[in-house]
Amino acid sequence: MQFMVEISFFFLEIAFTAIWLMVRVAVWIKQKRIDRKRETILLLMYINLAVIIRFTFFPMSKVDGRVQPLIFDIATAFPFRVNLVPLVNLFDYDNKRDLLLNVIGNTAMFVPSGIVLPIVYKGLNTHRKVISAGIGISLCIEILQLPFYGRATDIDDLILNSAGFLVGYGIYLLVRRVITWQNPTFFIATVFVFSLFMEGFDPIRALSMVMCGGVVIGAIFMATDYTTSPPTPWGKVIFGIGCG
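What you see is a predicted model; the values in this text were computed from it and never measured. Along each chain, residues carry numbers from 1 onward, in the same order as the chain's sequence is written. Confidence filtering applies because this is a predicted model: local features only for residues at pLDDT of at least 70, side-chain atom pairs given and counted only at 80 or more, and all residues used for totals across whole chains, interfaces and linings. Hydrogen atoms and water are omitted, and side-chain values are computed over all heavy atoms in the structure.

Some points on the side chain of Gln-145
The following threshold applies: Only DSSP runs of H or I reaching four residues or more are called helices, and only runs of E reaching two or more are called strands; each is numbered from the N terminus. Buried, partly exposed and exposed residues are distinguished by accessible area as a fraction of the type maximum, computed with a 1.4 Å probe on protein chains only: under 20%, between the cut-offs, and over 50%, respectively.
Looking at the secondary structure, you find Gln-145 in the loop between helix 6 (127–144) and strand 6 (153–154). A relative accessible area of 4% means that Gln-145 is categorised as buried.

Structure, rendered in structure tokens:
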């Protein structure tokens, strides 16, 4: 059976925009008012999601200056391309530039989401809910890529995306003064330094180690715990180094 559909970047963004507008109009009708401040913040979320769609569903490289289409081909859709083993494919790149682009890109894309969501959705009022939301968004994107040609679902992407979301949430907590900067900063810096030694002084691989696993969770949520964290600035610095 032959069935193939090409979905252009322009078409998918238009479809996403139309769905976004319909949802927002439905909310306005239900609430019988428009909260301009909230909508302005949500606009940042819309832009962030549009960028995520571009770089997760479509190839990075362009041909003749055009983004290559997303392809659904029933002949190649199955079996699904899934990697559930962490760090297996993370370093599988021809050069360090592509590796760095993958690590930073997958992380940075989700930082704005971690900042915006707790602001506009007051129901995300606990660390557990925020972490679940971040992982859930990334997981949905990974699952949606399954049937498309040339796309794959990778646990490494899920980890990096979630780490970026947590970094954004950490920035939100810092701005709201829920946590202080010393604990997470020196925690992550210490892990990075030790990773340099462990990875043969390769800064890109060391950065990858920082962004994977539970380092970000430990830095933002555990090292800043009110019960165990010292009250003084220098105490927090020493504590962060010790945790790292």
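On we go.
Quick notes on the packing of helix 5 (residues 111–120) against helix 7 (residues 155–175)
Quick note on the threshold: The axes are straight lines fitted to the C-alpha atoms, using for helices just the contacting stretch, and the angles between their N-to-C directions are given from 0 to 180°. For this classification, under 35 degrees means roughly parallel, over 145 means roughly antiparallel, 65 to 115 means roughly perpendicular, and everything else is oblique. By definition, turning the near helix anticlockwise from the far helix through less than a right angle yields a left-handed crossing, and turning it clockwise yields a right-handed one. Whether two residues are in contact is decided by their heavy atoms: any pair within 4.5 Å suffices. Any residue that is not Ala, Val, Leu, Ile, Met, Phe, Trp, Tyr, Cys, Pro, Asp, Glu, Lys or Arg is counted as polar, Gly included; the first ten are nonpolar and the last four charged.
One way to put it is that helix 5 packs onto helix 7 with a least axis distance of 6 Å and a crossing angle of 50°. Viewed along their axes, helix 5 and helix 7 adopt a mutual orientation that is oblique. Helix 5 and helix 7 meet at a crossing whose hand is right-handed. When helix 5 is examined against helix 7, the residues Val-111, Ser-113, Gly-114, Ile-115, Leu-117, Pro-118 and Ile-119 are found in contact with a partner set consisting of Gly-164, Phe-165, Val-167, Gly-168, Tyr-169, Ile-171 and Tyr-172. In terms of residue class, the contact of helix 5 with helix 7 is built from ten nonpolar, four polar and no charged.

Comments concerning the environment of Glu-13
One can find Glu-13 in helix 1 (residues 9–31). Put simply, Glu-13 and Ile-53 are 40 residues apart on the chain and 7.9 Å apart in space, counted from C-alpha to C-alpha. Excluding its chain neighbours within four sequence positions, the residues that come into contact with Glu-13 are Ala-50, Ile-53 and Arg-54.

Side note on helix 8 (residues 182–198)
Working note: α-helix, 3.6 residues per turn, so residues spaced by three or four point in the same direction. Basically, it comes down to this: For a helix, the expected span equals 1.5 Å multiplied by the residue count minus one.
End to end, helix 8 covers 24 Å across 17 residues, agreeing with the expected 24 Å (1.5 Å per residue, within 8%). Among all positions of helix 8, only Gln-182, Asn-183, Pro-184, Phe-187, Thr-190, Val-191, Ser-195 and Leu-196 are buried. Where helix 8 ends, the next residue or the one after it, Gly-200, has phi of about 65°, a positive value.

Side note on a nonpolar patch on the surface
Selection criterion: Each patch is built from salt-bridge-free residues with over 30% relative accessible area, joining like charges within 9 Å and nonpolar side chains (Val, Leu, Ile, Met, Phe, Trp, Tyr) within 5 Å. Where accessible areas are quoted, they stem from the Shrake-Rupley method and a 1.4 Å probe; at the residue level, only the protein chains shown are allowed to cover. Note on definitions: salt bridges are taken to be side-chain nitrogens of Lys or Arg within 4 Å of carboxyl oxygens of Asp or Glu.
Judged by side-chain polarity, Leu-43, Leu-44, Ile-47, Val-51, Phe-55, Met-60 and Leu-101 come together as a nonpolar surface patch covering roughly 610 Å² of accessible area. Considering every element that reaches the nonpolar patch, the biggest residue donor is helix 2 (residues 36–57), with five residues. Examined against the element boundaries, Leu-43 turns out to sit in helix 2. We classify Leu-43 as partly exposed; its relative accessible area is 45%.

Some thoughts on the environment of Ala-163
With respect to the helices and strands, the residue Ala-163 is situated in helix 7. In this structure Ala-163 comes out as buried when scored by relative accessible area, which is 4%. In this structure, the C-alpha to C-alpha distance between Ala-163 and Ile-135, residues 28 residues apart in sequence, is 8.9 Å. Excluding residues within four positions of it along the chain, Ala-163 makes contact with Thr-107, Met-211 and Val-216.

Here's the deal with the packing of helix 4 (residues 96–108) against helix 9 (residues 203–211)
Between helix 4 and helix 9, the shortest axis-to-axis distance is 10 Å and the interhelical angle comes to 25°. One way to sum up the angle between helix 4 and helix 9 is to call them roughly parallel. Between helix 4 and helix 9 lies a crossing whose hand is left-handed. Residues Lys-96, Leu-99, Leu-100, Val-103, Ile-104 and Thr-107 of helix 4 lie in contact with helix 9, whose contacting residues are Ile-204, Leu-207, Ser-208 and Met-211. Residue composition of the contact of helix 4 with helix 9, by class: seven nonpolar, two polar and one charged.

Let's talk about the nonpolar core
Soluble globular proteins tend to bury their nonpolar side chains together. Where we set the bar: Only buried residues count toward a nonpolar core, which is a set of Ala, Val, Leu, Ile, Met, Phe, Trp, Tyr and Cys residues joined through side-chain atoms within 4.5 Å.
Core analysis: the largest hydrophobic core is formed by 47 residues, its most contacted members being Phe-16, Trp-20, Leu-173, Met-211, Ile-220 and Phe-221. With nine residues, the top contributor of residues to this core is helix 2. Dropping the residues within four chain positions of it, Leu-173 is found in contact with His-127, Val-178, Ile-179, Ile-220 and Phe-221.

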